[in-house]
Amino acid sequence: MKDKNIPAGESKLFNDTIVDYIISLTHLYGLVHKDKVVEIFNLQNKEKIDITILSDTMENPSEDLIKNFVEINGDYFVHETIMEFDNFDAQLKHWMGKPLYIPAREELLKYKEETYFEVTKEYQALLSYVTKNIFDGDEFAAEMLCEDVQGICQFDFSMQEIFEVFNSRGVDFNNERQVNEVVQLVMELANNTRIWENNGHTPNEIFEKHEKPHLRPLPNKPFEFDGADIFDFKTGKKVGRNDPCPCGSGKKYKKCCLGKE
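The rules behind each value
Residues numbered from 1 in each chain as written. Predicted model: local features only at pLDDT ≥ 70, side-chain atom pairs only at ≥ 80, totals over all residues. Heavy atoms only, no water. Salt bridge = Lys/Arg side-chain N within 4 Å of Asp/Glu carboxyl O. Helix = DSSP H or I, 4+ residues; strand = E, 2+ residues; numbered from the N terminus. Buried < 20%, exposed > 50% of the residue type's maximum accessible area, 1.4 Å probe, protein only. Disulfide = S-S within 2.5 Å. 1 Å grid on protein atoms, 1.4 Å probe; cavity = no way out; pocket = protein on both sides within 12 Å on 5 of 7 lines; lining within 4 Å. Points joined across faces, edges and corners; volume = space filled by probe spheres on them. Nonpolar A, V, L, I, M, F, W, Y, C, P; charged D, E, K, R; others polar. Core = buried A, V, L, I, M, F, W, Y, C linked by side-chain atoms within 4.5 Å. Contact = heavy atoms within 4.5 Å.

Peer 1: Got a minute to help me understand the pattern of salt bridges in this structure?
Peer 2: Pairs can form between side chains of opposite charge once their charged atoms are near each other. Enumeration over the complete set of coordinates arrives at 9 salt bridges. Close ionic contact of Asp20 with Lys112 constitutes a salt bridge, the shortest N to O distance being 2.8 Å. One end of the pair, Asp20, is in helix H1 (residues 11-29); the other, Lys112, is in the loop between helix H7 (105-109) and helix H8 (121-133), and 92 residues separate them in sequence. Looking at Asp20, the relative accessible area reads 21%, which means it is partly exposed. Among the charged side chains, a salt-bridge network with shared partners connects Glu118, Arg194 and Glu205.

Peer 1: What is the right way to read the state of the cysteines from this model?
Peer 2: Disulfide: a covalent bond connecting the sulfur atoms of a pair of cysteines. Here the structure, examined in full by the defined rule, presents 0 disulfides. Here Cys146 is not cross-linked by a disulfide; its sulfur's nearest cysteine counterpart is in Cys153, at 10.0 Å. Exposure remark for Cys146: the relative accessible area of 0% places this residue in the buried category.

Peer 1: So what exactly am I meant to see when it comes to empty space enclosed by the protein here?
Peer 2: Gaps between atoms show up when a probe of the same size as a water molecule is rolled over them. For the coordinates displayed, the defined rule picks out 3 cavities of 30 Å³ or more. By volume, the second largest cavity amounts to about 60 Å³. Along its surface, the second largest cavity is lined by Tyr111, Phe117, Glu118, Thr120, Gln150, Gln154, Asn192, Thr193 and Arg194. For the lining of the second largest cavity, a count of residues per class yields 2 nonpolar, 5 polar and 2 charged.

Peer 1: Hey, could you run me through the nonpolar core in this one?
Peer 2: Soluble globular proteins: nonpolar side chains tend toward being buried together. If you look at the biggest cluster of nonpolar residues, it comprises 33 residues, and the most contacted ones within it are Ile18, Ile22, Leu25, Leu54 and Phe77. Mapped onto this core, the elements with two or more residues apiece are H1, strand S1 (31-33), helix H2 (34-44), helix H3 (51-59), strand S3 (76-79) and helix H6 (88-95). Per-element accounting of this core gives the leading share, 9 residues, to H1. The residues touching Leu54, leaving out its near neighbours within four places in the chain, are Ile18, Ile22, Lys34, Val37, Val38 and Phe77. Grouped together as the second largest cluster of nonpolar side chains are 31 residues, Cys146, Cys153, Phe157 and Leu185 included.

Laid out in structure tokens, this is it:
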């Protein structure tokens, strides 16, 4: 129940703020228990609420919740993607036992926007690199690629998916060194991206606070141009000496980048 001292004219604004919190927390965590919404709201706002106002909201979800992909499942607000893929139990298992990352109020409410993500120094490093070294200064093309990579790091990380993004953008790598530099930058981004399964924490933060298995592992070996560890960015398969070169030249690998530095 809202504070009785709040003027009647501010009631709608107050209720809209509660809805903004529900949407933002659901986007940040994937799912959030109603008790946590109350706890975080009261932590960051002078006017307090109790569980009854959220119970009413859960019984009669507003249009804003539906429009912003928030569904109700028991005592939880859940992103519709989790419900669509019948992933609630698995996501809840990840959620349990881990602390919540709670950003400051201003930062938290940015997550109401579905496409918002925290622009980290790791993201900026990847963007700067591909702008200069891959897209010859084309900032727009570089940003489109990096946003795709960011999305994969945030929701369904796999190097295979990363390969496909670079290939779909027509990226031709110059040599082994450039491949490995990009891989390193992508892994650093992945390990510093806030993800649902970590309750908004990054893999690095969970690694520091809890357990090592949540860190995205770097490849055991660099992507060498010796025929054994080179991968085609379209198929994700190793490239043989007589296969087309992954740089996109159209030549056989042995006649092109094999042995180049």
